[in-house]
Each structure stands twice: as structure tokens, then as C-alpha cells.
Amino acid sequence: MKITLPPESPMLAKDFTFGVATASFQIEGAVDTRLPCIWDTFCAQAGTIRDGSDGKQACEHVKLWQQDVDLIESLNVDAYRFSISWPRVIKQDGSLNQEGVDFYIHLLDKLNTKGIKPYVTLYHWDLPQHIEDQGGWLNRKTAFLFQDYVEKIVTALGNRVYSYATFNEPFCSAFLGYEIGIHAPGKAKVAYGRQAAHHILLAHGLGMQVLQQLSPNTENGIVLNFTPCYPHTDNPADITAARKADEYMNQWYIKPLFDKCYPDIIHDLAQADRPIIESGDFDIIAQKIDFLGINFYTRAVYEAHPNTLYAQIDMVNAPKTDIGWEIYPQAFTDLLVSLNQAYDLPPIFITENGAAMADKLTDGKVLDTDRIDYYQSHLNAVNNAISQGVNVKGYFAWSLMDNFEWAEGYLKRFGIVYVDYQTQQRTIKASGLAYRDLIGSR
Ligand code: GBH
């Protein structure tokens, strides 16, 4: 089975980047050679992770990184997106942990030797626990600690990096982590979620200032996730509900970057739930970015509700992936086109897109044709957005390999490479071969 694009698609041109993505906590293991982070603590609490697992082994990437780079090379990709573990590279006193830094230097050197462009994410959810103990993202000071970390790591890595993203998905850290508590650190209050979101966005702005100063020749930006919100019916109340959900879940994180304010829904919040914003914060947040990273997986459908602003509907009969997310590629095109209309955007990179499927290894093969279908329809959706004038410059499959899927533990597999966690053997799935062949066909 193949993945194809129309021969005239700009996605097949030389300047379009194809890559694969991972994140530190999800693949690294080797927790004893770094400081504890909030996900170590969260996993140790009963009932947080569906299979009771943790990140202690994960894909043992810290040990197996050399063969993993060879694996990445064998997929023909132009680029590899991974994240740096803050607790691996900065000690508790704020100084560099050279052993941790060396791990990333060796990784970067090998990628560069092979001509694979390193796209580095500076924060993919693994906040050092000692910083959480001081309030984490509820503490404004954490934004300045992040800025200090960025300054130190960017200096230490020198000219080895092609692109830096400050944050991966502030929505997830703030909303899932501090507002509803299904992610680390497991706090659950509206006011917490809103304050954490504000401090993460502030940290993004402070980090961007450092990046543009110390690393003007890398592509510097941020990665946001979007779950486009659709009304259940064309009833005006449902349309309003979907618009409000969109403002809360999606626009909250992008609007301040370009318009220096939060969306109108902030006025629907009780005064006590609104974030504390200091004067000048929006000027810091709205730094010029070189690119916008967009992660897309699914859409959500909403209806009006008498007691809340909106209520999400489960689309019972719709096609879904193994994690229960609806497969609805049209939302990807709609999202890109609408963002392009709403904001004056820099070039866009699709920094994550992919699907969890119940993969089985049989006779040394994984025939994940459902995942191939997902990639085919979603690459088509990106191509359609490009033909409607959206400037998309790259696409990264999530994920390079099966890994620790946060609250789902190891039960959900997003890889285009299969990982046998008993033996740590990697096997390229049919989707990985199809992706490799698409990239090779250019
Ligand atoms: C990303 O998060 C992460 O960056 C990555 O680390 C992770 O492994 C990957 O995705 C897969 O989860 O309840 O139907 O409305 C994506 C997080 C996924 C959060 C979709 C919102 C809405 C699903 N987003 N989700 S639904």
C-alpha cells in the first residue's frame, strides 16, 4: 500500500520538509541520569496512568540513540523533531549538567552528519519537579527560569540546531495539567489552568527574545495543538457553543501571539478565574516568530448546554482511531484555511499528525493499513489547504516510534515504527515503509 500526492503538489518540491517527531519523556528512559520531573511524580500516583506504567524505560532512547538515528535515516526523512529534557540539562542550582548536554550534542552531531535537520522543542511537558514544588506554571517566576534555561542550552548547543520551538502545546500543559488534572502535575481548577496558560505564553515570549538574540539563524517559533470545534446542528445556540469552545481550547493560545489579547470568552469567566496579567505581558508574548508549528489529530463537536457554555458530543457512529478520536480530515483543511484568514501567519509547519492504532506484529510485520489511510487522507487535507493559499512548509509524522502515550501509558501506539517493549526491538510498520517511499519518490 502506498501514500501518494498529486505529482504537481508543492509538498513534493525540494523545499518542503518531511520529518518524524518524538518527545523526551516519551522515549528517553534513563531517569536516573537526570533530575525528577512532574511526569515522574504524576506516574508514581495511583490511578493516573491507565496501565500503571511510567517513563523509567520507555524506548530506552538514551541508550539506543545511535541505532535510532540510523532508523530515522532509513526512513528517508529530511528532519527529526525531538525535545530536550529540561531536567536532564539543567541542575537544581540552575547550572548546566554537562553530561546531559553531551547526550544531545552527540545526537545532534550524528543527525547533522547524516544531513537530517534537527528541529528541537525546548519544552514538551517535563518540568523539573523542584520547580513544580515552587508552584510550577502557577508561579510567574517559572517563566524567567525557562528563559534562563533557554539561554544556557542554546549557548551550549552552538550551531548544531536547525530550528527551535519554545513550547509544545501550551493547551495541554495548562488545561490538561492544571485545569482538569488528567496530565501532570494533576491540578484541577479553572483559575489554575488560566494562570498556567498565561505564564507559559509569557515564558514563550521571554524564550523567543533569547532565541532571536542568541540564535538568529535558526528557525524559531512555537508549536500549538488545535482541535477544531464544530456545531452539532446549525441551530444558532450550537453555533455559539462551538465558537466559545474554539475560543477557549484553541484561540486562547494563538490570539495573544498575534493580537496581544485573549479571546472574548475571557469575559465569560468569573473574575476570580481570570489570569493575573501584568502590564507589558502581551508585548512580551507577541514576539515575532519565524514559523508556527501546528499539531492536528481530530475535531470536536459541541452543542449548547443550559448550565455550561458548551457541551462536547461524542460522535458515536463516526470512524475513530484506537484512542477514540474521530477521523475527520476535512477539519485539517478547514483549520489551516481559517487560521490563515484570521491571522497574519508566518510559514506553517505541521509539527505533529498521526493516529493511534491497535497494531499487531505478525511474522515480523505490522500491516497498519488503517494508519496508512489516516496519513493519506490527512496529507491530502494539507495539500488542499496549500492549494487554497496556505503557506505550509513541512510535515512531521507523530510519531517516529511507539512510545509512552502520557495518561494512556504504553497501551496506545502512535508509531510508524513498532516497539516491542520487552526486547526494545524496532520494526518499521507498513505505514513507515509507505511514508519512506513517498518521501523517496520526490
Ligand atoms: C500530542 O498531544 C502530544 O504533543 C504528543 O506528545 C502526544 O503523544 C500526541 O499528541 C498523541 O496524543 O477528546 O476527542 O476532543 C495531542 C493532544 C489531542 C489534546 C486531541 C486534545 C482532543 C481529543 N490533543 N485532544 S477529544
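Residues numbered from 1 in each chain as written. Predicted model: local features only at pLDDT ≥ 70, side-chain atom pairs only at ≥ 80, totals over all residues. Heavy atoms only, no water.

Overview of the overall build of the chain
So, point 1. Looking only at helices and strands, the chain features 14 helices and 13 strands.
So, point 2. Relative to the globule expectation of 22 Å for 442 residues, the C-alpha radius of gyration of the chain, 21 Å, shows essentially globular dimensions.
So, point 3. Over its C-alpha atoms, taken along the principal directions, the chain stretches across nearly 55 × 55 × 45 Å.
So, point 4. Here the chain holds 442 residues, and 60% of them are scored as buried.
So, point 5. On the chain, roughly 17200 Å² of surface is accessible, and the fraction owed to carbon and sulfur atoms is 49%.
So, point 6. Of the charged side chains in the chain, 37 are positive and 53 negative; the average position of the first set lies 3 Å away from that of the second. (Helix = DSSP H or I, 4+ residues; strand = E, 2+ residues; numbered from the N terminus. Rg over C-alpha atoms; globule rule 2.2 N^0.38 Å. Buried < 20%, exposed > 50% of the residue type's maximum accessible area, 1.4 Å probe, protein only. Areas by Shrake-Rupley, 256 points an atom, 1.4 Å probe, with all protein chains shown as cover. Lys, Arg positive; Asp, Glu negative; His and termini not counted. Charge placed at Lys NZ, Arg CZ, Asp CG, Glu CD.)

Side note on the UniProt feature "active site" (unreviewed entry) in the chain
So, point 1. Following the UniProt record, the feature "active site" (unreviewed entry) maps to E352 here.
So, point 2. Residue position: E352 is located in strand β10 (residues 348–352).
So, point 3. Ignoring anything within four residues of it in the chain, the contact list for E352 reads R81, H124, N168, E169, I294, N295, F296, Y297, F396 and W398. (UniProt positions renumbered as here; feature names shortened; annotations may be inferred. Contact = heavy atoms within 4.5 Å.)

A short note on helix α12 (residues 330–342)
So, point 1. Spanning 13 residues, α12 covers 18 Å between terminal C-alpha atoms, matching the ideal 18 Å at 1.5 Å per step.
So, point 2. When we look at burial in α12, the residues that qualify are A331, F332, T333, L335, L336, V337 and L339. (Expected span 1.5 Å × (residues − 1).)

As for the layout of surface pockets
So, point 1. Of the volumes computed, that of the largest pocket is approximately 1100 Å³.
So, point 2. Looking at the largest pocket, it is lined by 45 residues, and the ones nearest its centre are F171, L176, T227, T298 and W325.
So, point 3. Put simply, the parts of the chain that give the lining of the largest pocket at least two residues each are α8 (170–179), β5 (219–226), α10 (236–259), β7 (291–296), β8 (300–303) and β9 (311–313).
So, point 4. It is α8 that provides the largest number of residues to the lining of the largest pocket, a total of four residues. (1 Å grid on protein atoms, 1.4 Å probe; cavity = no way out; pocket = protein on both sides within 12 Å on 5 of 7 lines; lining within 4 Å. Points joined across faces, edges and corners; volume = space filled by probe spheres on them.)

Regarding the confidence of the model for the chain
So, point 1. Taken over all residues, the pLDDT of the chain has a mean of 99, while the share at 70 or more is 100%.
So, point 2. Scored as a whole, the predicted complex attains pTM 0.99, and scored at its interfaces, ipTM 0.96. (pLDDT = per-residue confidence, 0-100.)

Re the site of the ligand
So, point 1. Surrounding the ligand, one finds 16 residues, the nearest of these being Q26, H124, E169, E405 and W406.
So, point 2. At 3.0 Å, a side-chain N or O of N168 approaches an oxygen atom of the ligand.
So, point 3. In the complex, 85% of the free accessible area of the ligand, which totals 580 Å², lies under the protein chains.
So, point 4. A molecule is said to occupy a pocket when more than half its atoms come within 2 Å of that pocket's grid points, and by this definition the ligand occupies the largest pocket. (Near = heavy atom within 4 Å. Polar contact = N/O pair within 3.5 Å; in protein donor to acceptor, adjacent residues only side chain to side chain. Sits in = over half its atoms within 2 Å of the grid points.)

Points about the side chain of S163
So, point 1. Tracing the chain through its elements places S163 in strand β4 (residues 163–168).
So, point 2. By relative accessible area, S163 is classed as buried at 1%.
So, point 3. Apart from the residues lying within four places of it in its own chain, the contact partners of S163 are P118, Y119, V120, T218, E219 and F291.

Some points on the side chain of T427
So, point 1. Locating T427 in the fold gives a position in strand β13 (residues 425–428).
So, point 2. Not counting residues within four places of it along the chain, the set of residues in contact with T427 comprises L361, G364, V417 and Y418.

Considerations on the sheet that holds strand β6 (residues 229–231)
So, point 1. The strand order across the open sheet formed by three strands is β6-β8-β9, and the pairing between neighbours is mixed. Only two strands of the sheet have a single neighbouring strand rather than two, namely β6 and β9. Direction aside, the axes of adjacent strands within the sheet are offset by 50 degrees on average.
So, point 2. Pairing analysis gives three bridges linking β8 to β9, with the strands arranged antiparallel. Counted as the bridge partner of Y302 is Q312 from β9.
So, point 3. Relative to the sheet, α10 contacts β6 and β8, its axis offset from that of β6 by approximately 170 degrees. (Pairing = 2+ DSSP bridges. Axes fitted to C-alpha atoms, helices over the stretch in contact; angles between N-to-C directions.)

Here's the deal with the packing of helix α9 (residues 190–214) against α10
So, point 1. Running from N to C, α9 and α10 cross one another at 35 degrees; their axes reach a closest spacing of 10 Å. With respect to the hand of their crossing, α9 and α10 are arranged in right-handed fashion. On α10, the residues touching V190, R194, A197, L201 and H204 of α9 are Y248, W252, Y253, P256 and L257.
So, point 2. By residue class, the composition of the contact of α9 with α10 is eight nonpolar, one polar and one charged. (Left-handed = near helix turned anticlockwise from the far one by under 90°. Nonpolar A, V, L, I, M, F, W, Y, C, P; charged D, E, K, R; others polar.)

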